[in-house]
Amino acid sequence: MVRVSDEEIRRVLGLLCQDDTLRAFASLVLGDAEGLSPKTLGKLAAGGLAACDESGKWRAAPERFRELLRARAEPAEELTAEERVLRTFLVDGRLTTLAMRRDKRLVVLRYIAMVFEPGMRYPEKDVNVALRAFHDDYAALRRYLVDEGLLSREDNVYWRSGGPVRL
């Protein structure tokens with residue numbers, strides 16, 4: 001990405017603050033370049049707000065604003081594929097839906113499984129309370145976790161049996 005100096009931005013804004021260049025730019029946007037002074041058109045062209053084609057016809061170049069904005073924008077935060085999935089399906093810590101492709105559901109389930117400490121045993125009631133924080137259909141969520149091997153169960157007691165571990 002090309003960096004834009006503050007001076008370039010000031011130049012464009014300065015052109016739009018002057019009555020003569022602002023009127024000239026507005027005329028070009030409306031497609032009426034007749035009667036515009038070559039000096040004013042030259043100022044607009046120097047700021048990137050006007051362009052002249054091979055036939056000598058002037059046109060507005062409003063794409064200059066987009067260029068300046070893109071060049072000054074902060075670089076996008078790099079997210080992992082898992083982080084993108086979690087941002088898509090978890091809003092304010094709650095699941096928006098349980099209906100998702102298996103690969104995406106696994107990402108979400110691994111994240112949810114981290115609520116349960118490895119080595120700890122949980123009665124079903126406690127598992128339900130923890131899962132209800134993520135989605136109202138806690139029974140389906142519990143079933144998915146067991147089916148995917150993230151939780152194991154015996155006699156209504158659950159324990160973490162898979163997924164990532166926080167260090």
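Above this note sits the structure.
All residue numbers refer to position in the chain's written sequence, counted from 1. Local features in this predicted model are restricted to residues of pLDDT 70 or higher, and side-chain atom pairs are both shown and tallied only at a pLDDT of 80 or more, whereas totals for entire chains, interfaces and linings draw on every residue. Hydrogens and waters are ignored; side-chain quantities use all the structure's heavy atoms.

Enquirer: I'm lost on the sheet that holds strand 7 (residues 157-160) in this one. Help?
Expert: Remark on secondary structure: sheet strands pair via backbone hydrogen bonds, oriented parallel or antiparallel. Two strands pair if DSSP finds at least two bridges between them. A helix here means a DSSP run of H or I that spans at least four residues, while a strand means a run of E at least two residues long, and both kinds are numbered starting from the N terminus. In space, the 3 strands of this open sheet follow the order 5-7-6, with antiparallel pairing throughout. Among the strands making up the open sheet, the edge pair consists of strand 5 (121-123) and strand 6 (151-154). Adjacent strand axes in the sheet meet at a mean angle of 30° when their direction is disregarded. Axis definition: a line fit to C-alpha positions, over the contact stretch in the case of helices; interaxial angles, taken between N-to-C directions, run 0 to 180 degrees.

Enquirer: Mind showing me how you'd approach the packing of aromatic side chains here?
Expert: We describe a pair of aromatic rings using the distance from one ring centre to the other and the angle between the two ring planes. Put simply, two rings from Phe, Tyr or Trp (the six-membered ring, in Trp's case) pair if the centres are within 6.5 Å, and we call them stacked under 30 degrees between planes, edge-to-face over 60, tilted for the rest. All chains considered together, the criterion is met by 3 aromatic pairs. With centroids separated by 5.8 Å and ring planes inclined at 90°, the aromatic side chains of phenylalanine 25 and phenylalanine 65 adopt a geometry described as edge-to-face. Note that phenylalanine 25 is positioned in helix 2 (residues 19-29) and phenylalanine 65 in helix 4 (residues 63-72), a separation of 40 residues in sequence. With a centroid separation of 6.4 Å and 85° between ring planes, the pair formed by tyrosine 111 and phenylalanine 134 is classed as edge-to-face.

Enquirer: When you look at helix 8 (residues 138-147) in this model, what are you seeing that I'm missing?
Expert: The α-helix winds at 3.6 residues per turn, so residues separated by three or four positions along the chain end up facing the same way. For every residue, the accessible area (1.4 Å probe, protein chains only) is compared with the maximum for its type, and the residue is labelled buried under 20%, exposed over 50%, or partly exposed between those bounds. Regarding helix 8, the residues found buried are Ala140, Leu141, Arg142 and Leu145. Throughout, a residue-residue contact means that at least one pair of heavy atoms, one from each residue, lies within 4.5 Å. On its buried face, helix 8 sits against strand 4 (94-95), helix 6 (102-113), helix 7 (124-132), strand 6 and strand 7. Trailing helix 8 by a residue or two, glycine 149 shows a phi angle of about 75°, which is positive.

Enquirer: How should I be thinking about the side chain of threonine 40 in this particular structure?
Expert: Among the structural elements, threonine 40 can be located in helix 3 (residues 38-46). If we skip the residues at most four places from it in the chain, threonine 40 touches Asp20, Thr21 and Ala24.

Enquirer: Would you mind going over the pairing of strand 7 with me for this structure?
Expert: Every regular strand shows the same layout, with side chains that alternate between the two sheet faces. The two faces of strand 7 differ: Tyr158 and Arg160 on one face are buried, but Val157 and Trp159 on the other face are not. Across 3 bridges, the pairing between strand 5 and strand 7 is antiparallel. The residue bridging tyrosine 122 from the neighbouring strand is tyrosine 158, located in strand 7. Here strand 6 runs beside strand 7; their pairing, made up of 4 bridges, is antiparallel. Across the sheet, glutamate 154 pairs through a bridge with valine 157, a residue of strand 7. Linking strand 6 back to strand 7 in an antiparallel pair, the connection comprises 2 residues, with aspartate 155 at a positive phi of about 50°.

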